[in-house]
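Chain by chain, the residues:
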Amino acid sequence: MALAEFLEQLNQLAAEATALFDAADDAEQLEAARVEILGAKSGRFKATQKLMGAVDGSDRPAAGKRLNEVKSEIEASFKTAQDRMTSGGSAGGAPVQFDPTLPGLKPQIGRLHPITQTIEELMDIMGRLGFTAADGPEIEDERHNFEALNIPREHPARDPLDNFYLSTAQKQHEVLLLRSQTSTVQIRVMESTPPPIRIISLGRVYRPDTADATHYPMFHQMEGLLIDRHVTMADLKSVLRLFARSYLGADVHIRFRPSFFPFTEPSVEADFSWNQGWVEFGGAGMVDPNVLRAVGYDPEEVTGFAFGLGVERLCMRRHGITDIREIYKNDVRFLQQF
Ligand code: DAH
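Residues numbered from 1 in each chain as written. Predicted model: local features only at pLDDT ≥ 70, side-chain atom pairs only at ≥ 80, totals over all residues. Heavy atoms only, no water.

1. As for the overall build of the protein chain
Consideration 1: Regarding its fold elements, the protein chain presents 13 helices and 9 strands.
Consideration 2: Projected onto its principal axes, the C-alpha coordinates of the protein chain cover approximately 130 × 50 × 35 Å.
Consideration 3: The long-range fraction of contacts in the protein chain, counting pairs at least 24 apart against all pairs at least 6 apart in sequence, stands at 63%.
Consideration 4: Accessible surface, the protein chain: about 18,800 Å² in total, of which carbon and sulfur atoms supply 53%.
Consideration 5: Across the protein chain, the 36 positively charged side chains and the 48 negatively charged ones have centroids separated by 5 Å. (Helix = DSSP H or I, 4+ residues; strand = E, 2+ residues; numbered from the N terminus. Contact = heavy atoms within 4.5 Å. Areas by Shrake-Rupley, 256 points an atom, 1.4 Å probe, with all protein chains shown as cover. Lys, Arg positive; Asp, Glu negative; His and termini not counted. Charge placed at Lys NZ, Arg CZ, Asp CG, Glu CD.)

2. Here we look at the domain arrangement of the protein chain
Consideration 1: Each assigned domain of the protein chain is listed here: domain 1 (3–86) and domain 2 (114–136 + 189–335).
Consideration 2: Between domain 1 and domain 2, the C-alpha centre-to-centre distance is 87 Å. (Domains from an automatic or database assignment.)

3. With respect to the side chain of Gln 221
Consideration 1: Looking at the element boundaries, Gln 221 is found in strand β5 (residues 218–228).
Consideration 2: For Gln 221, the side chain forms a polar contact with the main-chain nitrogen of Thr 182, separated by 2.9 Å.
Consideration 3: In contact with Gln 221, not counting residues within four places along its chain, are Gln 181, Thr 182, Ser 201, Leu 202, Gly 203, Val 205, Arg 207, Leu 309 and Val 311. (Polar contact = N/O pair within 3.5 Å; in protein donor to acceptor, adjacent residues only side chain to side chain.)

4. A few points about the site of the ligand
Consideration 1: Lining the immediate surroundings of the ligand are 15 residues, of which Gln 181, Gln 186, Arg 207, Gln 221 and Glu 223 lie closest.
Consideration 2: One of the side-chain nitrogen or oxygen atoms of Glu 223 is found 2.6 Å away from an oxygen atom of the ligand.
Consideration 3: Here an oxygen atom of the ligand and a backbone polar atom of Phe 307 are 3.4 Å apart.
Consideration 4: With the chains in place, 90% of the 350 Å² that the ligand exposes on its own is no longer accessible.
Consideration 5: Those elements that provide at least two residues to the shell around the ligand are α8 (183–192), β5, β8 (277–287) and β9 (303–310).
Consideration 6: Split by residue class, the shell around the ligand holds 5 nonpolar, 8 polar and 2 charged. (Near = heavy atom within 4 Å. Nonpolar A, V, L, I, M, F, W, Y, C, P; charged D, E, K, R; others polar.)

5. Side note on helix α2 (residues 27–38)
Consideration 1: With 12 residues, α2 should reach 16 Å at 1.5 Å per residue; the first-to-last C-alpha distance of 16 Å fits that figure.
Consideration 2: Looking only at α2, the buried set comprises Leu 30, Ala 33 and Ile 37. For α2, the angular spread of buried residues about the axis comes to 60°, placing them on one side.
Consideration 3: Sitting at the amino-terminal end of α2 is Asp 26, which places a side-chain oxygen 3.1 Å from the backbone nitrogen of Glu 28. (Expected span 1.5 Å × (residues − 1). Buried < 20%, exposed > 50% of the residue type's maximum accessible area, 1.4 Å probe, protein only. Arc of directions from axis to C-beta.)

6. Looking at the packing of helix α5 (residues 114–128) against helix α11 (residues 311–319)
Consideration 1: Between α5 and α11, the least distance of the axes is 10 Å, while the angle of their chain directions is 100°. Here α5 lies roughly perpendicular to α11, going by the angle between them. Contacts from Pro 114, Ile 115, Thr 118, Ile 119, Glu 121 and Leu 122 of α5 reach α11 at Val 311, Glu 312, Leu 314, Cys 315 and Arg 318.
Consideration 2: Class assignment of the residues belonging to the contact of α5 with α11 gives a composition of 7 nonpolar, 1 polar and 3 charged. (Axes fitted to C-alpha atoms, helices over the stretch in contact; angles between N-to-C directions. Parallel < 35°, antiparallel > 145°, perpendicular 65-115°, else oblique.)

Given below as structure tokens:
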């Protein structure tokens, strides 16, 4: 056989093989094409290779060289077709290259604000002590923020410099303000419910303080109120101690210092132990008879205690936050830590 004729056959085989591989639609067709061309026993390449024996001896090295080249070409176009199938992911294709050990893409899930988390936890703890959550408006009138709480007109707590009075309301001869304490909710609940009462109220309060590490013009309080027959200071101390232990740990102690609030008599400042020291917890006391009278209760029949705690302070103490402003900057790098 002449060399030229052999080479012609090789070229034709190469072209047909490529066309065949390219035409394959799925892995099955591609495999059939591979067996037809490259099959070890009866493949067309094998058959062409056998023809080499018929080529003139002196031309064989050239024939052999070209034979090897064509084999590489055919294998390369088979590989191309195979790649097309895996990346295209066509039905029944070769298994997709998938590395199960690669780290996955974490879905971005939001989280609750640390203050919201604290509020939910406080509600949970107080709920177990039998207190239900009550609510009141953030825009209040003077009766609920002051008068019914035994804070008379001349009282310094009503100073316009210490409260956010709303000027639009004043024009309509109605004095409204952003509530400065959640004690307002005590009044609202007692006005609408006969005793006994056992509620907490968690919400925002507003005071025109300049923001610094421990002050912010808006913060949250947890108010507590329990009214029933024969309620004493001992009940108040038990409830606050149970609460402190649940929230801060079993080794926490609380202490009372004498204090003054217009709406309680006697009044105390409650502290809890922390790192060998004492930290202010909030105010508390026995509900003043004037307050009970203001909502139509009979102070000879029922007594009760009340307390008011700063939510931010508890949250900061628990998480080691040293600047209240961080809580309200809404910097996700900060918020993500909780
Ligand atoms: N309302 C007080 C404040 O804002 C906190 C407080 C003190 C609430 C004593 C009470 C209480 O219910 O009994 O500082």
